[in-house]
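So you can see what is in the structure, the chains are spelled out below.
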Amino acid sequence: MIKAGIIGATGYAGGELVRILTGHKDVEIKWYGSRSYIDKRYAEVYQNMFQIVDDVCMDDNMEELSREVDVIFTATPQGLCASLVNEEILSRTKIVDLSADFRIKDVETYEAWYKIKHPTPQFLPEAVYGLCEINREAVKGARLVANPGCYPTCTTLSIYPLLKEGLIDPDTIIVDAKSGTSGAGRGAKVDNLYCEVNENIKAYGVATHRHTPEIEEQLGLAAGRPVLINFTPHLVPMNRGILITAYASLTRDVSDEEMKAVYDKYYSGEKFVRVLEQGVCPQTKWVEGSNYVDVGFQIDPRTKRVIMMGAMDNLVKGAAGQAVQNMNLMFGLKESEGLELVPMFP
């Protein structure tokens, strides 16, 4: 059995990690870390775990934790994992970090967008960006994986094949994104109150959202040159889900059949990326509670542009599910182990 520890186990992503790993046949959770609920029974924080998890919450002592487990998941705010990790810890255990601390390779870019100083930039070169469908082989040999952000995961997977094949102009990409409120975390914030969110939809982080440089870096790797995008996220009144609608100019005339073949070329062998039939648009309700990403496209011959679409659950493929997918690869397990979750409906 793989022994796992979770720092930040009582946030939404941490709670989802507990839910998934509890059903994983090869994993035993040994440490439920939560600075806010030390010595409180985990099932008192999340009543859905009553008579399923009997453990109490521990602190975030990564040094001690690294001596007890094989893998540490850090579902924490930006800056915490980077402030705790060191060479000695990495020599004893593997880390899957769900924060942004090791996603962006350029430390100056990270510090500019996240407004904090990176405490351990020496680990940035070796950290593997854990988008399994693209970096699978690198993840297998990693001891430190940067679990991608939710918006970047859905955006990159929706756009990547067309950009990689040179079918779209990188300078014309616009991304419109919508997310459920769980993406903002479990902390008490006025903007997330019921009366603020219900019966409302709003843009936020316009031209300033911190996932922008992460998306640009990954799309730049696909394009083979720097990419700048317009990225606008929106908050919608639902618990879970992300919907991406991205736009770009075509570099040449492309048929529906050719474009579908490009998506199939990259994803036909992927368990968790479902390329929809032509004319079918992704919907969040068909991926909720699962590790699937549904992607689709629509060519607009009138404007010579293509609309690329993606839908996924921000807490599963956008966070905890992807983290478990990375862990499976790191330990040589079946990649889908513990993740063959049928989407919930209604």
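Because the structure is predicted, anything quoted here is derived from the model rather than measured.

Engineer: Any chance you could explain the overall build of the chain here in plain terms?
Structural biologist: From N to C terminus, the chain includes twelve helices and 13 strands. For the chain, the C-alpha radius of gyration of 20 Å lies close to 20 Å, the compact-globule estimate for 346 residues. Projecting the C-alpha coordinates of the chain onto the three principal axes gives extents of approximately 60 × 45 × 40 Å. Here the chain, with 346 residues, has 55% of them falling under the buried criterion. Considering only contacts in the chain between residues 6 or more positions apart, those separated by 24 or more positions represent 70%.

Engineer: So what exactly am I meant to see when it comes to the packing of aromatic side chains here?
Structural biologist: Think of a pair of aromatic rings as described by two things: how far the centres are apart, and how the planes are tilted against each other in angle. On inspection of all chains with the given rule, the structure shows eight aromatic pairs. Between the aromatic rings of Tyr-151 and Phe-231, the centroid separation amounts to 5.3 Å while the plane-to-plane angle is 70°, which identifies the pairing as edge-to-face. Of this pair, Tyr-151 sits in helix 8 (residues 150–164) while Phe-231 sits in strand 9 (residues 230–235), placing them 80 residues apart in sequence. Here Tyr-151 matches Phe-231 in class, with each residue buried. Residue placement shows Lys-94 over the ring face of Phe-331; its charged tip is 5.7 Å from the ring centre. Stacked on the ring of Tyr-292, the Lys or Arg Arg-274 has its end atom at 4.4 Å from the ring centre.

Engineer: I keep staring at helix 12 (residues 316–330) and nothing clicks. Help me out?
Structural biologist: Along an α-helix, a turn takes 3.6 residues, which lines up residues three or four apart on a common side. For helix 12, spanning 15 residues, the distance from its first C-alpha to its last is only 18 Å, which falls clearly below the expected 21 Å at 1.5 Å a residue. Most pronounced at Gln-322, the bend in helix 12 amounts to some 45°. Taken across its 15 residues, helix 12 has 15 buried, putting it largely inside the fold.

Engineer: How do you make sense of the nonpolar core when you look at a structure like this?
Structural biologist: Core analysis: the biggest nonpolar cluster contains 42 residues, and Leu-17, Val-18, Leu-21, Tyr-42, Phe-73 and Leu-98 have the highest contact counts within it. Counting residues per element, the ones that place at least two in this core are strand 1 (2–7), helix 1 (12–22), strand 2 (27–33), helix 2 (42–45), strand 3 (71–74), helix 7 (132–140) and helix 12. Broken down by element, this core gets its largest block of residues, eight residues, from helix 12. The contacts of Leu-17, once residues within four sequence positions are left out, are Ile-6, Phe-73, Leu-98, Ala-320, Ala-323 and Val-324. One finds Leu-131, Tyr-160, Met-259 and Val-295 within the second-largest nonpolar core, a separate group that totals 40 residues.

Engineer: Could you clarify how one ought to interpret the sheet that holds strand 10 (residues 242–249) in this entry?
Structural biologist: Think of a sheet as strands paired side by side through backbone hydrogen bonds, with each pair either parallel or antiparallel. Here we have seven strands laid out as an open sheet, ordered 8-9-7-10-13-12-11, and mixed in their pairing. Of all the strands in the sheet, just strand 8 (202–203) and strand 11 (273–275) have a single pairing partner and so form its edges. Relative to strand 12 (residues 293–300), strand 11 is paired through three bridges, and the arrangement is parallel. Residue pairing for strand 12: Arg-274 is matched across the bridge by Asp-294.

Engineer: Where do I start with the packing of helix 1 against helix 12 in this structure?
Structural biologist: Helix-helix packing is described using two parameters, namely the angle between the two axes and the distance between the axes. Where helix 1 meets helix 12, the axes come as close as 9 Å, and the angle between the chain directions of the two elements is 45°. One way to sum up the angle between helix 1 and helix 12 is to call them oblique. Pair helix 1 / helix 12 crosses with right-handed handedness. When helix 1 is examined against helix 12, the residues Ala-13, Glu-16, Leu-17, Arg-19, Ile-20 and Leu-21 are found in contact with a partner set consisting of Val-316, Ala-319, Ala-320, Gly-321, Ala-323, Val-324 and Met-327.

Cut-offs used in this document
- Per chain, residues are indexed from 1 in the order of the written sequence.
- Local features in a predicted model are, by the rule used here, given only for residues with pLDDT of at least 70; side-chain atom pairs are given and counted only at 80 or more, and totals for whole chains, interfaces and linings are based on all residues.
- In computing side-chain properties, one takes all heavy atoms of the structure into account and sets aside hydrogens as well as water.
- Under the scheme used here, helices are H or I runs from DSSP no shorter than 4 residues and strands are E runs no shorter than 2 residues, and both carry numbers assigned from the N terminus.
- Only the C-alpha atoms count toward the radius of gyration. The rule for a globule is 2.2 Å times the residue count to the power 0.38.
- Relative accessibility thresholds used throughout: buried, under 20% of the residue-type maximum; exposed, over 50%; partly exposed, between the two (1.4 Å probe, protein chains only).
- The criterion used for residue contact is that any of the two residues' heavy atoms lie within 4.5 Å.
- Pairing of aromatic side chains requires ring centres within 6.5 Å, counting the rings of Phe and Tyr and the six-membered ring of Trp. Pairs whose planes differ by under 30 degrees are stacked, by over 60 edge-to-face, and all others tilted.
- Here, a charge over a ring means that NZ of Lys or CZ of Arg falls within 6 Å of the ring centre while also lying within 35 degrees of the ring normal.
- Given the number of residues in a helix, its expected span is that number minus one, multiplied by 1.5 Å.
- What we call the bend at a residue is the angle made by axes fitted to the seven residues finishing there and the seven residues starting there.
- Here the nonpolar core consists of buried residues drawn from Ala, Val, Leu, Ile, Met, Phe, Trp, Tyr and Cys, with membership extended through side-chain atoms lying within 4.5 Å.
- Being paired, for any two strands, means DSSP has found at least two bridges between them.
- Every axis corresponds to a line fitted to the C-alpha atoms, with the helix fit spanning only the stretch in contact, and the corresponding angles, defined between N-to-C directions, vary from 0 to 180 degrees.
- Roughly parallel refers to an angle under 35 degrees, roughly antiparallel to one over 145, roughly perpendicular to one between 65 and 115, and oblique to any angle outside these ranges.
- Rotating anticlockwise by less than a right angle from the far helix to the near helix defines a left-handed crossing, while the corresponding clockwise rotation defines a right-handed one.

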